[in-house]
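Understanding the architecture of this molecule
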Amino acid sequence: MKIFIDFDDVLFNTKKFRTDYLNIFKKHGISKKVFEVCYYSAVKSKKNIRQYNPVKHIERLTKLNNINPVALQKDVINFVKDTSKYIFNDVGIFLERFKKRDLIIASFSETDFQKAKIVNSGITKNFHKVEIINELKSRIVGNLIKSEKLLADTDVYFIDDRVEQLADVKQKFPQIKTILLKRKEGRYNDRKNKYCDFVCHNLEQAEKIILKFNGK
Ligand SMILES: [Mg+2]
């Protein structure tokens, strides 16, 4: 068995994290509007993906505002140092039910900030692999199928809150069971389509589906 799990809005309360992150900047006198204007790097990556870089964000804010960039940067670094409180409550129990070798985090947005957010949440030790990419996640799935020589009859699950990712995985690997996880705390409200085999509202429900296929 293999279970691919998305990070943001599935394992991690990204909405709450982002609200608290914005509040740091507000504390330094930066409005939400200015925070958002300066959010993305002016430099785009070669694949034209907007990449977040807090250092560049603060640099641009410093040009527009009379702030103390050193103090702000320190607060940001401290904030990202421990992100464990944003892990959803049902994650621990879910992870206990399965073997580490079967669990893979499949996350989008390959930035140092994203890596810090994930690693400093303290849950990566429960996973066989942590993959962060700027492409569709079917690439992660495909790579693992190849490297571990997974047979077509291996039970594989893919859990995500974004239908685009689920649809892409299902189209490329129809044997994989796709689970749309719609948490009430999530930022998106994607609608189930024909590529989503199941819809869940928490990991307890996802666990039930997976265990049912495994005769438990
Ligand atoms: Mg997500």
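Keep in mind that this is a model prediction, so the values were computed, not measured. (Residues numbered from 1 in each chain as written. Predicted model: local features only at pLDDT ≥ 70, side-chain atom pairs only at ≥ 80, totals over all residues. Heavy atoms only, no water.)

Here we take up the pattern of salt bridges. Overall, the coordinates contain 19 salt bridges when judged by the stated rule. Between Asp-197 and Lys-170 there is a salt bridge, and its shortest N-O distance comes to 2.8 Å. On the criterion of sequence distance, the pair formed by Asp-197 in the loop between strand S5 (177-181) and strand S6 (198-200) and Lys-170 in helix H8 (residues 163-172) is long-range, its members being 27 residues apart. Under the relative-accessibility criterion, Asp-197 is labelled partly exposed at 28%. Within the structure, one salt-bridge network assembled from shared partners comprises Lys-2, Arg-101, Asp-102, Lys-129 and Glu-148. (Salt bridge = Lys/Arg side-chain N within 4 Å of Asp/Glu carboxyl O. Helix = DSSP H or I, 4+ residues; strand = E, 2+ residues; numbered from the N terminus. Buried < 20%, exposed > 50% of the residue type's maximum accessible area, 1.4 Å probe, protein only.)

Let us look at the domain arrangement of the protein chain. Per the domain assignment, the segments making up the protein chain are domain 1 (2-12 + 84-213) and domain 2 (15-81). Computed over C-alpha atoms, the centres of domain 1 and domain 2 are 28 Å apart. Across the contact, 15 residues belong to domain 1 and 14 residues belong to domain 2. In total, domain 1 and domain 2 occlude about 1,200 Å² of area from one another, counting both sides; carbon and sulfur atoms represent 65% of this. Run the count over domain 1 and domain 2 and you get 0 salt bridges. At the surface where domain 1 touches domain 2, the tally comes to 2 residue pairs in polar contact (both at pLDDT 80 or more). Its residues placed into classes, the side of domain 1 that touches domain 2 shows 4 nonpolar, 4 polar and 7 charged. (Domains from an automatic or database assignment. Contact = heavy atoms within 4.5 Å. Buried area = accessible area lost by both parts, 1.4 Å probe. Polar contact = N/O pair within 3.5 Å; in protein donor to acceptor, adjacent residues only side chain to side chain. Nonpolar A, V, L, I, M, F, W, Y, C, P; charged D, E, K, R; others polar.)

To continue, consider the sheet that holds S6. Spatially, the 6 strands line up as an open sheet ordered S3-S2-S1-S4-S5-S6, and their pairing is parallel. The sheet is open, and its two edges are formed by strand S3 (129-133) and S6, each paired on a single side. Sheet twist, expressed as the mean angle between neighbouring strand axes with direction ignored, is 20°. Across 3 bridges, strand S1 (residues 2-5) lies against strand S2 (residues 103-108) in parallel orientation. Counted as the bridge partner of Phe-4 is Ile-104 from S2. The sheet strands contacting H8 are S2, strand S4 (156-160) and S5, and the helix crosses S5 at an angle near 175°. (Pairing = 2+ DSSP bridges. Axes fitted to C-alpha atoms, helices over the stretch in contact; angles between N-to-C directions.)

Turning our attention to unusual backbone geometry. Backbone geometry at Asp-9 places phi at a positive 70°, although glycine is not the residue there. Position of Asp-9 among the secondary structure elements: in the loop between S1 and helix H1 (14-27). The backbone of Lys-149 sits at a positive phi, close to 50°, despite the residue not being glycine. Residue placement: Lys-149 occurs in the loop between helix H7 (138-147) and S4.

The next point concerns the coordination of the magnesium ion. Looking at the magnesium ion, the protein donor atoms are Asp-6 (OD), Asp-8 (O) and Asp-161 (OD), and they sit 2.0 to 2.3 Å from it. Sequence spacing among the residues donating to the magnesium ion works out to D-x1-D-x152-D. Of the two residues, Asp-8 sits in the loop between S1 and H1 while Asp-161 sits in the loop between S4 and H8, which places them 153 residues apart along the sequence. Residue Asp-161 is classed as buried on the basis of its relative accessible area of 7%. (Donors = N, O, S within 2.8 Å, 3.2 Å for Na, K, Ca; no water.)

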